[in-house]
Structure formats: C-alpha cells, structure tokens
2 protein chains.
Amino acid sequence: MPYSYDYPRPALTVDCVIFGLDEDGLKVLLIKRGGEPFRGCWAIPGGFVDMDESLEQAARRELEEETGLKSVYLEQLYTFGDPGRDPRGRVVTVAYWALTRVLAEPVRAASDADSAAWFAVDDPPKLAFDHARVLEVAHERLRSKVRYQPVGFELLPRDFTLSQLQQLYEILLDRPIDKRNFRKRVMDLDVLVDTGEVQQDVAHRAAKLYRFDRRRYEQLLRSGVNFEI
Amino acid sequence: MPYSYDYPRPALTVDCVIFGLDEDGLKVLLIKRGGEPFRGCWAIPGGFVDMDESLEQAARRELEEETGLKSVYLEQLYTFGDPGRDPRGRVVTVAYWALTRVLAEPVRAASDADSAAWFAVDDPPKLAFDHARVLEVAHERLRSKVRYQPVGFELLPRDFTLSQLQQLYEILLDRPIDKRNFRKRVMDLDVLVDTGEVQQDVAHRAAKLYRFDRRRYEQLLRSGVNFEI
C-alpha cells in the first residue's frame, strides 16, 4: 500500500444535497449506489476528495459524474464526522447543498452510481449511511434561509408570476401565505422587475411575468436590508 | 509507518474561534504556536482529530488543552480545505466558533501552545496558516447571526442592564443604535426577565438588571418569531 502516515487519518468525502421543484412540490436528487457498502440503496450523490482539488471542486465533480448536473451554485452545508457513520471505517464528509430548476436539468447516472432520480423531500426512500440526517439538516437550512433571503428564485423559471412565487414560498415554508400581504411584502422588497410580458397559453386571465433582479438584491443585501417574507 | 491506505488521505484538524467581550470591545482567543510550522506565530486554537472522537469532541478537547477554556457552546462554522493552506501537505480543518464571557474565564497555555491571549478582533496579530480568513468568516457569521437571533446574551453577565445590552449590539453590529427604538424592540421580543434588582456600587443612578429567558426564547424560536434587532 503506497500511502502511509505516522498517525491514522479519516477518509474524506463530499456529498451534494440538490433541491429542485416541480408541480408536485420540493424534490431532492438521489443516486442508487452501484458499489458496496449499501449497494442498490439510494444515497445523496458524492464521493472521495482528490488530493489536488478543493472541497467545492470535489463536490462539483462528483455531482456531475454521478448525476450529469453541473453549473449549480453549491453552498457548504455542514461537515458530518461521527465515528461509525460509515461501515468502511472513519469517513468524514463535507456536505454541500444547492437549489436548481428540476425540469431544466436532465439527470443521468454515471460513474459509480447506477441511476439518479428526483424524490419528494417529504417522502424519500431509505437512505444509505447517515444521509437521512444530512438531508434533514439541508432541509432545515433551506427553510431557515428562505425566511431571510430570497433564495427561492433559484427554483423558479427566469420569468414567473406572483402566484408561482407565492406557491413556492408556501411549499418551502410549509404553510399557507396570505396573498395580499405576500404581494405587498414582495413588492416592498424591490427586487422584482416587471418584464412587461404576460403568461402565454393559459385558460384563465394571463398574469404578469416578473424577473428577479439579482444585482439589485445584492446591493440591498450589502446595505443590510431585511428580506424576511 | 503503521498507517497505510490504498488512496492518499488529507489530514484532518479542528479549529475553534472563540469570541469574548470586555470593556474595550470584541476579542478573539488566540494561542502562540509552540511547534512547527509557524512556530512562535499566533493562531486559532485547534489540532488533529483523534479517530475515536467526534469532530465536536475534538474541538472541545483541543480548546481545553490549548487554552484551559471549557463548557463553551461550540457551533460548527465552516470547513476549510483548499490544497496549499498548510505547508505540511493537504490538511482539511473543520472550524467551530463560540461566544464566551472573557473575564469569567482565565486563559492558560497548555500542550503544544506556548501561551494563549485575547486580541481585539479588529486588530489581530499576523496569523498562521489561513487563520486570518477563518477569523474573518467567523466574524461575518457572528455579525449575520446577531441580526436574527439574540446570540449576544452569551457575551453578557447573567444579570445586565439595557445599556450594557445596547453597547453589546453596537459593538457587534458596528453602528450606533437609537436608544428608544432599541429598548422598545428588545422589550417586544419578550425574552428578558426583570430581576427586580438594580446595579450596585455605581456613581450614576442605578439601572435595572435584566436576565435572558432562554426557555422563553427557545419557545418563541420554534414558533417562528422574528428576532431581528
């Protein structure tokens, strides 16, 4: 064995919790494991960190290898390192999370994953390792973050209606929201641009389409504005 | 060398950014390194993770060994793992942070630290490794968190005056706060208990002493109350 050290070292992995949204609600991207341990079991995509890449590069690489997904904005979530969380020995994993638009990104299995698929966050299959806990922590982070920052826009199409935005927040916060207060609050935030367009091909009265103004948002964020919905 | 693996592994450390407060402002606890690399240089306390302890246990152990500090509430901050951040080779560190009352906790150097001392957060000495960046990320986290959660109480004596509380927030947020609005907002939060006591041995008119009601706070937190100051 070529790699020897004076002291024992844990193995280091990265995992990526990817949330998406479709008409049925909030989804998470999982892969079916092609190798042991937990062969055939669903898991959060991830794998071992190479010595010459940063943690985020490793997360990005593993995500693309296992699911085909790329160009998502990964944010570090938490590092899970309890002894015993992996039957292979001490393995510490740095978890990342991201939001993406489900339908815009096809999912393919590759490398050591047998397949990849989206599952309802509220009803996932049995997961390998401590991945149920990792998913729970990521879901908590999403719920907590959405209260203070307009992260939800990452989950919508570029142009969206205020009803779509409200549905999104109702799903993320898991509670009904008063329509009038919501619209007033969203407009007060001053981060939406009226595109001047309306919905196409809808049976009901076509609603106005808006777009998220990221530059304006980042300006406001730096000036300490409260984005609580 | 007794520890051999099929693939190379990074070494894993933990680091603890401990903030405290005294009459001069916000402080951070640093140790002077007793060994190479960066011997004699100031650094954030920390060290290597043992194979049979959790990451948090490792952080707690290293903090006590190097500074004598214990019983602080450590929260995971971020994991730093860029190749090249440590001259010894690939070393990934899981950073934790905590708030504590400076004057209540004596600091002693122990184990591989030569000495330990508090420094002004805004004017730290040159730090080993990427610890200047670790401190910056911890300071950002503190500033961002204090806006949404009453974390500041950890930095005050058990019984405190509203002026002390306001000074604390002014230091943490780094801006002056309007006294009347602040008092109204704090009272509206409904997490302070009037102790019925007043300050002793003060030259000016003695102010009322309050205490933070952690149970009440946790109840309100679960019910989704906004704690923004």
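Nothing here was measured: the structure is a model prediction, and the numbers come from that model. (Residues numbered from 1 in each chain as written. Chains lettered and ligands numbered in written order. Predicted model: local features only at pLDDT ≥ 70, side-chain atom pairs only at ≥ 80, totals over all residues. Heavy atoms only, no water.)

A. Spatial organisation of the sheet that holds strand β9 (residues 159-160) of chain A. Residue and element names in this part refer to chain A. Taken in spatial order, the 3 strands of this open sheet run β9-β11-β10, and their pairing is antiparallel. Two strands in the sheet have a free side with no partner beyond their single neighbour: β9 and β10 (192-198). Looking at chain direction, β10 and strand β11 (residues 208-212) are connected through 4 bridges and run antiparallel. Bridge pairing in β11 places Leu192 opposite Phe212. (Pairing = 2+ DSSP bridges. Helix = DSSP H or I, 4+ residues; strand = E, 2+ residues; numbered from the N terminus.)

B. Expanded view of the interface of chain B and chain A. Residue-level contacts link 35 residues of chain B with 35 residues of chain A. Between chain B and chain A the total buried area reaches about 3,100 Å² when both faces are included, carbon and sulfur atoms providing 57% of it. Ranking the residues of chain B by area buried against chain A places Arg9, Met51 and Arg90 of chain B at the top, with a combined share of 20%. Taken together, chain B and chain A are joined by 0 salt bridges. Across the chain B-chain A interface, the total number found is 15 residue pairs in polar contact (both at pLDDT 80 or more). Of all the secondary structure elements, the ones that give two or more residues to the side of chain B that touches chain A are β1 (3-5), β2 (11-22), β6 (75-80), β7 (91-101) and α2 (131-148) of chain B. It is β6 of chain B that contributes the most residues to the side of chain B that touches chain A, 4 residues altogether. Across the side of chain B that touches chain A, the residue classes break down as 19 nonpolar, 7 polar and 9 charged. Bridging between strand β1 (residues 3-5) of chain A and β1 of chain B involves 3 bridges; their strand directions are antiparallel. (Contact = heavy atoms within 4.5 Å. Buried area = accessible area lost by both parts, 1.4 Å probe. Salt bridge = Lys/Arg side-chain N within 4 Å of Asp/Glu carboxyl O. Polar contact = N/O pair within 3.5 Å; in protein donor to acceptor, adjacent residues only side chain to side chain. Nonpolar A, V, L, I, M, F, W, Y, C, P; charged D, E, K, R; others polar.)

C. The sheet that holds strand β9 (residues 159-160) of chain B, seen in detail. Strand order in the open sheet made by the 3 strands is β9-β11-β10 (chain B), with antiparallel pairing throughout. Each edge of the open sheet is held by one strand with a lone partner, namely β9 and β10 (192-198) of chain B.

D. Fine view of the relation of the copies chain B and chain A. Of the two same-sequence chains, chain B is brought onto chain A (RMSD 0.0 Å, axial shift 0.0 Å) by a rotation of 180°. The superposition of one copy onto the other is thereby described by a two-fold rotation axis. By C-alpha distance to the rotation axis, the residue of chain B lying nearest is Ser4 of chain B, at 2.1 Å. A share of 100% of interface residues in chain B that are also interface residues in chain A marks the association as one of identical surfaces. (Least-squares fit on C-alpha atoms with pLDDT ≥ 70 in both.)

E. How the structure looks around the packing of helix α3 (residues 162-173) of chain A against helix α4 (residues 179-189) of chain A. Residue and element names in this part refer to chain A. Two elements in contact, α3 and α4, have axes whose closest approach is 11 Å; the angle formed by their N-to-C orientations is 105°. Classified by the interaxial angle, the pair formed by α3 and α4 is roughly perpendicular. Of the residues in α4, those in contact with Leu162, Ser163, Leu165, Gln166 and Tyr169 of α3 are Lys179, Phe182, Arg183, Val186 and Met187. Residue composition of the contact of α3 with α4, grouped by class: 6 nonpolar, 2 polar and 2 charged. (Axes fitted to C-alpha atoms, helices over the stretch in contact; angles between N-to-C directions. Parallel < 35°, antiparallel > 145°, perpendicular 65-115°, else oblique.)

F. Here's a closer look at the domain arrangement of chain A. Residues and elements named next belong to chain A. On domain assignment, one finds that chain A holds domain 1 (11-148) and domain 2 (151-222). Just the C-alpha atoms count here: the centres of domain 1 and domain 2 sit 28 Å apart. Facing 13 residues of domain 1, the contacting portion of domain 2 comprises 13 residues. Approximately 1,200 Å² of surface area, both sides summed, lies buried where domain 1 meets domain 2, with 74% of it carried by carbon and sulfur atoms. Linking domain 1 with domain 2 are 0 residue pairs in polar contact (both at pLDDT 80 or more), by the criterion used here. (Domains from an automatic or database assignment.)

G. Representation of the pattern of salt bridges in the model. Residues and elements named next belong to chain B. Using the criterion set out here, one finds 34 salt bridges over all chains in the structure. Notably, a salt bridge pairs Asp22 with Lys27, separated by 3.0 Å at the nearest N-O pair. Given a relative accessible area of 17%, Asp22 falls into the buried group. For Glu75, the salt bridge identified is with Lys145, shortest N-O distance 2.8 Å. Pair noted here: Glu75 is in strand β6 and Lys145 is in helix α2, with a separation of 70 residues, a long-range link. Residue Glu75 is classed as partly exposed on the basis of its relative accessible area of 22%. (Buried < 20%, exposed > 50% of the residue type's maximum accessible area, 1.4 Å probe, protein only.)

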